[in-house]
Amino acid sequence: YRRQRQMCIETGIDLIVRYAGKTYEHRFAPSVTLKKVKRRAEKKLNIDPADSVELSLQIADSSDRPDEATHVGSLANPPTCSVIFDLVPSDRING
């Protein structure tokens, strides 16, 4: 497991971000935060900035929404060194 994790650090993390039937794929360094991944995906998927404020990255097939300060390397699954996210509406807190 340790060697596989090291391989992910050396090769990068393949991320897929899905939104409204569109997909963005890119290889990121393990040190990149989800905030940067989200910004880049929103740009590449042509998401209006006003709409992007209401969106969060959620790990595919789960309800896990990691904090934007999370580094992608901590989420990668050896030996594939990849993570799939869906951009989903953020939880709203009604005050």
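In the block above lies the structure referred to throughout.
Throughout what follows, the structure given in this document is the object of discussion. (Residues numbered from 1 in each chain as written. Predicted model: local features only at pLDDT ≥ 70, side-chain atom pairs only at ≥ 80, totals over all residues. Heavy atoms only, no water.)

**Points about the overall build of the chain**
When helices and strands are counted, the chain shows three helices and four strands. The linear arrangement of helices and strands in the chain, starting from the amino end, is α-β-β-α-α-β-β. By residue count, 39% of the 95 residues in the chain fall in the buried class. Within the chain, residue pairs in contact and separated by at least 24 positions form 64% of the contacts whose partners lie at least 6 positions apart. Total accessible area on the chain is roughly 6,300 Å²; 48% of this is exposed by carbon and sulfur atoms. (Helix = DSSP H or I, 4+ residues; strand = E, 2+ residues; numbered from the N terminus. Buried < 20%, exposed > 50% of the residue type's maximum accessible area, 1.4 Å probe, protein only. Contact = heavy atoms within 4.5 Å. Areas by Shrake-Rupley, 256 points an atom, 1.4 Å probe, with all protein chains shown as cover.)

**Structural notes on unusual backbone geometry**
Notably, asparagine 46 is not glycine yet its phi reads approximately 55 degrees, a positive angle. Among the secondary structure elements, asparagine 46 is positioned in the loop between α2 (34-44) and α3 (49-52).

**Topic: a positive patch on the surface**
A cluster of like positive charges, contributed by Lys35, Lys36, Arg39, Arg40, Lys43 and Lys44, occupies part of the molecular surface. Inspection of the secondary structure puts arginine 39 in helix α2. The exposure class assigned to arginine 39 is exposed, which follows from its relative accessible area of 52%. (Patch = residues over 30% accessible without salt bridge, like charges linked within 9 Å, V, L, I, M, F, W, Y side chains within 5 Å. Salt bridge = Lys/Arg side-chain N within 4 Å of Asp/Glu carboxyl O. Lys, Arg positive; Asp, Glu negative; His and termini not counted. Charge placed at Lys NZ, Arg CZ, Asp CG, Glu CD.)

**A look at the pattern of salt bridges**
In the structure shown here, the tally under the stated rule is three salt bridges. The salt bridge involving arginine 27 is made with aspartate 14; its shortest N-O contact spans 2.8 Å. Of this pair, arginine 27 sits in strand β2 (residues 22-28) while aspartate 14 sits in strand β1 (residues 13-19), and the two are 13 residues apart along the sequence. The partner of arginine 18 in a salt bridge is aspartate 86, with the nearest N and O atoms 2.7 Å apart. Taken together, the residues span a long stretch of sequence, with arginine 18 in strand β1 and aspartate 86 in strand β4 (residues 82-89) at a distance of 68 residues.

**Considerations on the environment of serine 62**
Secondary-structure assignment places serine 62 in the loop between β3 (55-59) and β4. Here serine 62 falls in the partly exposed class, since its relative accessible area comes to 30%. From its side chain, serine 62 meets the backbone nitrogen of aspartate 64 in a polar contact 3.1 Å long. (Polar contact = N/O pair within 3.5 Å; in protein donor to acceptor, adjacent residues only side chain to side chain.)

**What about the side chain of glutamine 58?**
The topology assignment puts glutamine 58 in strand β3. Within the structure, the side chain of glutamine 58 is placed 2.8 Å from the backbone oxygen of serine 62, a separation counted as a polar contact. In contact with glutamine 58, other than residues within four places in its own chain, are Ser63, Asp64, Arg65, Ile84, Phe85, Asp86 and Val88.

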